[in-house]
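# Survey of secondary and tertiary structure
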Amino acid sequence: MLIQPGKLLAQINTPEDLKKFGKEQLVQISEELRQFIIDDVSVYGGHFGAGLGVVELTVALHYVLNTPEDQLVWDVGHQAYGHKILTGRRGIFHTNRIYKGLSGFPKRKESEYDSFGVGHSSTSISAALGMAAASKYKGDHKRQHVAVIGDGALTGGMAFEAMNHAGVSDTNMLIILNDNCMSIDPNVGALKQYLTDITTSQTYNKVKDEVWHLLGKVSKFGFSAQDVASKIEGALKSTLLKQSNLFESLNLRYFGPVDGHDVNHLVEVLNDLKHISGPKILHCITVKGKGYPLAEKDQTKWHAPGKFDKITGVIAKKEYDSPQPPKYQDVFGHTLVELAEKDDRIVGITPAMPSGSSMNIMMKAMPDRAFDVGIAEQHAVTFSAGLATQGLKPFCNIYSSFMQRAYDQVIHDVCLQELPVVFCLDRAGFAGADGPTHHGAYDIAFFRCIPNLVVSAPMDEEELRNLMYSASIHNGPYSIRYPRGQGVMPEWRKPLREIPLGQGRLIKEGVDVAILTIGSIGNYAVEATAALDKEGLNPAHYDMRFVKPLDESMLHEVFEKFNKVITVEDGCLVGGFGSAVLEWMVDHGYSSQVKRLGIPDKVIEHGEQIQLHAECGFDPEGIMKAVRELCEVNFTKVY
Ligand SMILES: Cc1ncc(C[n+]2csc(CCOP(=O)(O)OP(=O)(O)O)c2C)c(N)n1
């Protein structure tokens, strides 16, 4: 279904087209853009509230800036739908996040207007600063460099590293702080309070308004008046505001707060700021979900609601006749509370993903034992390490791909010191529609080389619970990876049982080939072996449970019995589980024929998980094919 644009939006295919309209039409264009996003996301799904919140900002930015020459950098990128629609992609926007379609995030390969690829947060200021420094180096003083960052993303340490640098850089860059008081869940921390304080402080705003008033006259009175105005502003700010404004203290000129939904005012302000050189920040106040009342009201639910009926606001849910398996994340959330009820050393940590990881279950049940630390994965890990030094048992839940941020902390702060932190890696394997920035492809490879760290993955919900229990009584670093989405066991609340360290399990006896799997992808092997049985092939299936330590006695059994082995993992092949098995085989003098299935050494784009598994050849059909091929090889050799 093609979404129909309003009559002005229909005439806009590029920012050049937008600039042909008078300022007085920008309100209607914004409304039409908002409606287009509502129409599209309700039918096709995707991120919602954040995009609605920056509609006016997006229109104003493309109206004022000379994109793509001027560099516009979005942070996280989940709010950039309006940007995509105004920059040549309206006609194919219905393919957003669909296999082989548009990416849900800005992507350099997709468009020249996407100045920087993104998906993880807090990168925009660094990237824009790099671009601004490059322009300065090339002697280009006209080019604009704008980073749009949310108050949530601003809690990420990297944003502060970049501001620290920007303040002394003498570059032409503007940071737009899109402040809606929300991350995915309500934003947290002292910074949030600070932003509220400067937004509401009467003394501060009185002075600021005077300054702003002067600046407002800049465009009318021309350039020399601007110098005067900025000098007065500078003097006022340095005496009155400098000590009280965090950004000014970092040498970034602070402007605002302004209403981020007043498109005409935004255009005026952005035009003025174009003429003020040096690093600066514009504080915009916006409402997440703006213009769709339900999304304004329940901003977490409408961050990425899935498909919905735009009239009634009812979110589409599949109906089933029988009880369905839970999501792995919910098994994690409930089991953590269950464990914590019996063990008062257990605490929970999430970097800004309470609902995404289901840590919110513990936050609700035991508010003093669960911490949301903001979008701060590095801090989350070292904070957990600190807790562990004091005898607590932190369960630090971080999405696999976001854990990439905290690698040194895992090594330096946890594993070298053998601290008993439990890492629960949600969204391990393919993330699906969010695409390559969010795929949890590398964690097996980057964790298995770290000394002292247990690397495990459950095949189902019961195993997840048991691994969590085993981790809680293990005295050292322990990681458990599990995928996005549903498990396989409607009846999952089984009694907790310890799984001995490094012990795999035999799922099915067999004779032709041994299939070794790690984690939930093992369920595909169950399907494959059942189907192969009907073809007269009889593979054995082992669920290894642990990549580190490997179950050595099981591997001896496998390599003594089978000269054909297949490994299956939903992680990268380079250095992953299959590599671990191969290394072990060589080290122990075996020489079976081994076929490794997993994520190849290239970027796998977005799509449904099963589509991506099929693309990489480890869906049930792919496993069956591998078994047939191995048996065929033998067949040819013998005869
Ligand atoms: C490194 C990293 N951690 C976590 C996330 C998950 N995440 C996506 S959007 C988001 C909230 C961003 O909040 P904000 O920057 O204020 O933007 P808003 O959605 O409010 O517009 C989070 C935590 C991420 N993308 N990157």
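Description of the structure in this document. This one's a predicted model, so the numbers in the text were calculated from it and none came from an experiment.

Attention now moves to the site of the ligand. Around the ligand, the structure places 23 residues, and the nearest of them are His-78, Gly-152, Met-182, Lys-288 and Glu-377. Separating an oxygen atom of the ligand from a backbone N or O atom of Ala-153 is a distance of 2.9 Å. About the coverage of the ligand: the protein hides 98% of its 590 Å² of free accessible area. Looking at side-chain class alone, the shell around the ligand contains nine nonpolar, ten polar and four charged residues.

Attention now goes to the environment of His-303. Secondary-structure assignment places His-303 in the loop between helix H13 (293-297) and helix H14 (328-342). We classify His-303 as buried; its relative accessible area is 8%. Considering only alpha carbons, one finds His-303 and Phe-160, 143 residues apart in sequence, at a separation of 25 Å. With sequence-adjacent residues up to four places away left out, His-303 is seen in contact with Gly-46, His-47, Phe-48, Gly-49, His-78, Ile-184 and Lys-288. Reaching out from His-303, the side chain makes a polar contact with the side chain of Lys-288 at a distance of 3.0 Å.

Residues Lys-301, Lys-317, Lys-327 and Arg-484 make up a contiguous surface patch of positive charge. Along the chain, the position of Arg-484 falls in the loop between strand S11 (478-481) and strand S12 (505-508). Overall, the relative accessible area of 35% leaves Arg-484 in the partly exposed class.

Moving on to the nonpolar core. When a protein is soluble and globular, its nonpolar side chains tend to lie buried together. The biggest cluster of nonpolar side chains holds 52 residues, and the ones touching the most others in it are Phe-48, Leu-61, Ile-176 and Leu-282. If you tally residues by element for this core, the top one is helix H2 (residues 26-44), at eight residues. If you look at the next biggest cluster of nonpolar residues, it comprises 50 residues, including Ala-406, Val-455, Ala-540 and Leu-555.

With respect to topology, five strands assemble into an open sheet ordered S1-S2-S3-S5-S4, the strand pairing being parallel. Edge positions in the open sheet fall to strand S1 (71-74) and strand S4 (253-259), since each of these has one partner strand only. Averaged over all adjacent pairs, the angle separating strand axes in this sheet is 20 degrees, with direction ignored. Sheet topology places S1 next to strand S2 (residues 145-150); four bridges connect them, and they run parallel. Paired with Gln-71 across the bridge in S2 is His-145.

Our focus in this paragraph is the packing of aromatic side chains. Counted by the stated rule, this structure contains 20 aromatic pairs. Ring geometry for Phe-48 and Phe-308: centres 5.0 Å apart, planes at 65 degrees, overall edge-to-face. Of this pair, Phe-48 sits in the loop between H2 and helix H3 (49-53) while Phe-308 sits in the loop between H13 and H14, and the two are 260 residues apart along the sequence. Ring centres 5.3 Å apart and planes at 5 degrees place the aromatic pair Tyr-399 and Phe-402 in the stacked group. Tyr-399 gets classed as buried once you look at its relative accessible area, which sits at 8%. You can call Phe-402 buried: its relative accessible area is 11%.

It is a general feature of regular strands that their side chains alternate between the two faces of the sheet. Of all five residues in strand S9 (residues 422-426), five are buried, a share of seventy percent or more. Going residue by residue along S9, you find Val-422, Cys-424 and Asp-426 tucked away on one face and Phe-423 and Leu-425 tucked away on the opposite face as well. Bridge analysis of strand S8 (residues 393-399) against S9 gives five bridges, and the strand direction is parallel. Across the sheet, residue Ile-398 finds its bridge partner in S9, namely Leu-425. Bridge analysis of S9 against S11 gives four bridges, and the strand direction is parallel. Bridge pairing in S11 links Val-422 to Tyr-478.

To find the voids left in a structure, one rolls a probe of water-molecule size over its atoms. By the definition in use, this model includes three cavities of 30 Å³ or more. In this model, the largest cavity occupies a volume close to 60 Å³. Lining the largest cavity, in full, are Leu-61, Val-64, Leu-65, Gln-144, Val-146, Leu-174, Leu-270, Leu-273, Lys-274 and Lys-280. For the lining of the largest cavity, the secondary-structure elements that each account for two or more residues are helix H4 (55-64) and helix H12 (263-274). The dominant element in the lining of the largest cavity, judged by the number of residues it contributes, is H12, at three residues. Taken together, the residues of the lining of the largest cavity break down into seven nonpolar, one polar and two charged. In this structure, the second largest cavity occupies an estimated 40 Å³ of space. Forming the boundary of the second largest cavity are Ala-428, Ala-457, Pro-458, Arg-481, Tyr-482, Pro-483, Gly-519, Ser-520 and Asp-570.

Moving on to helix H8 (residues 190-200). Within H8 the residues assigned to the buried category are Leu-191, Tyr-194, Leu-195 and Ile-198. Looking straight down H8, one finds that the buried residues subtend no more than 100 degrees of arc, so they occupy a single side.

So, on to the pattern of salt bridges. Evaluated as defined, the whole model comprises 27 salt bridges. Among the salt bridges present, the one from Arg-505 reaches Asp-460, with a minimum N-O distance of 3.6 Å. Highlighted residues: Arg-505 in strand S12 and Asp-460 in the loop between strand S10 (454-456) and helix H21 (461-472), separated in sequence by 45 residues. Of the charged contacts in the structure, one is a salt bridge between Arg-505 and Glu-463, with a shortest N-O distance of 3.7 Å. One end of the pair, Arg-505, is in strand S12; the other, Glu-463, is in helix H21, with 42 residues separating them in the sequence.

As a further point, take the sheet that holds S9. Taken in spatial order, the seven strands make up an open sheet running S7-S6-S8-S9-S11-S10-S15, and their pairing is mixed. Only two strands of the sheet have a single partner each, and these edge strands are strand S7 (370-372) and strand S15 (546-548). In this sheet, adjacent strand axes meet at a mean angle of 20 degrees when their direction is disregarded. Packed onto the sheet, helix H17 (residues 377-389) meets strand S6 (346-350), S7, S8 and S9 and runs at close to 170 degrees relative to S8.

If you trace the backbone, Ala-370 turns up in strand S7. Remark: the alpha-carbon pair of Ala-370 and Ile-346, spanning 24 residues in sequence, is separated by 9.3 Å. Every residue in contact with Ala-370, bar those within four places of it in the chain, is listed here: Gly-348, Met-362 and Met-363.

In this section: helix H25 (residues 609-616). What H25 keeps buried is the set Leu-612, His-613 and Cys-616. Seen end-on, H25 carries its buried residues on one side only, within an arc spanning 105 degrees. Phi turns positive one or two residues past the end of H25, at Gly-617, with a value near 80 degrees.

Here S8 lies mainly inside the structure; seven of its seven residues are buried. Alternating residues of S8 divide into Lys-393, Phe-395, Asn-397 and Tyr-399 and Pro-394, Cys-396 and Ile-398, and every residue in both groups is buried.

Attention now moves to the state of the cysteines. Under the counting rule described, the total for this entry stands at zero disulfides. Here Cys-396 is not disulfide-linked; the sulfur of Cys-424 is the nearest cysteine sulfur, at 8.5 Å. The exposure class of Cys-396 is buried, given its relative accessible area of 0%. Of the residues examined, Cys-424 reaches a relative accessible area of 0% and is grouped as buried.

The rules behind each value
- All residue numbers refer to position in the chain's written sequence, counted from 1.
- Given that the model is predicted, a residue must reach a pLDDT of at least 70 before its local features are reported, and side-chain atom pairs must reach 80 or more before they are shown or counted; all residues, however, enter totals for whole chains, interfaces and linings.
- No hydrogens and no water enter the side-chain calculation; it runs on all heavy atoms of the structure.
- Nearness is judged by heavy atoms alone; a residue qualifies as near a molecule or strand once a single heavy atom is within 4 Å of it.
- Any pair of nitrogen or oxygen atoms within 3.5 Å is treated as a polar contact; in protein, a donor-acceptor pairing is required on top of that, and neighbouring residues in sequence qualify only through side-chain atoms on both sides.
- The protein chains shown are the only cover counted for residues, whose accessible areas, like all others here, come from Shrake-Rupley with a 1.4 Å probe.
- Polarity classes work like this: nonpolar for Ala, Val, Leu, Ile, Met, Phe, Trp, Tyr, Cys and Pro, charged for Asp, Glu, Lys and Arg, and polar for all others, with Gly in that last group.
- Every helix listed is a DSSP run of H or I at least four residues long, and every strand listed is a run of E at least two residues long, numbered separately from the N terminus.
- Here's how the labels work: a residue is buried when its accessible area is under 20% of the maximum for its type, exposed when over 50%, partly exposed in between, all with a 1.4 Å probe on protein chains only.
- By definition in these notes, contact holds between two residues if any of their heavy atoms fall within 4.5 Å.
- Here, patches come from residues exposed beyond 30% relative accessible area and free of salt bridges, joined within 9 Å for like charges and within 5 Å for nonpolar side chains (Val, Leu, Ile, Met, Phe, Trp, Tyr).
- Salt bridges are counted wherever a side-chain nitrogen of Lys or Arg sits within 4 Å of a carboxyl oxygen of Asp or Glu.
- A positive count includes Lys and Arg, and a negative count includes Asp and Glu. His and the chain ends are not counted in either.
- In plain terms, the charge of a residue is placed at NZ if it is Lys, CZ if Arg, CG if Asp and CD if Glu.
- We define a nonpolar core as any set of buried Ala, Val, Leu, Ile, Met, Phe, Trp, Tyr and Cys residues linked to one another through side-chain atoms lying within 4.5 Å.
- Any two strands are treated as partners once DSSP identifies two or more bridges connecting them.
- Angles shown run from 0 to 180 degrees and are taken between the N-to-C directions of axes, each axis being a line fitted to C-alpha atoms and, for helices, limited to the stretch in contact.
- Classification of ring pairs uses Phe, Tyr and Trp, with its six-membered ring standing for Trp, and accepts pairs whose centres are within 6.5 Å; under 30 degrees between planes counts as stacked, over 60 as edge-to-face, and the remaining range as tilted.
- Site definitions follow a grid-based scheme: protein atoms alone, a 1 Å grid, a 1.4 Å probe that fits but cannot get out for cavities, and for pockets an open set with protein on both sides within 12 Å along at least five of seven lines, plus lining residues having an atom within 4 Å of a point.
- Grid points are joined across faces, edges and corners, and a volume is the space filled by probe spheres set on the points.
- Along the arc lie the directions from the helix axis toward the C-beta atoms.
- Two cysteine sulfur atoms form a disulfide, by the criterion used here, when they sit within 2.5 Å.

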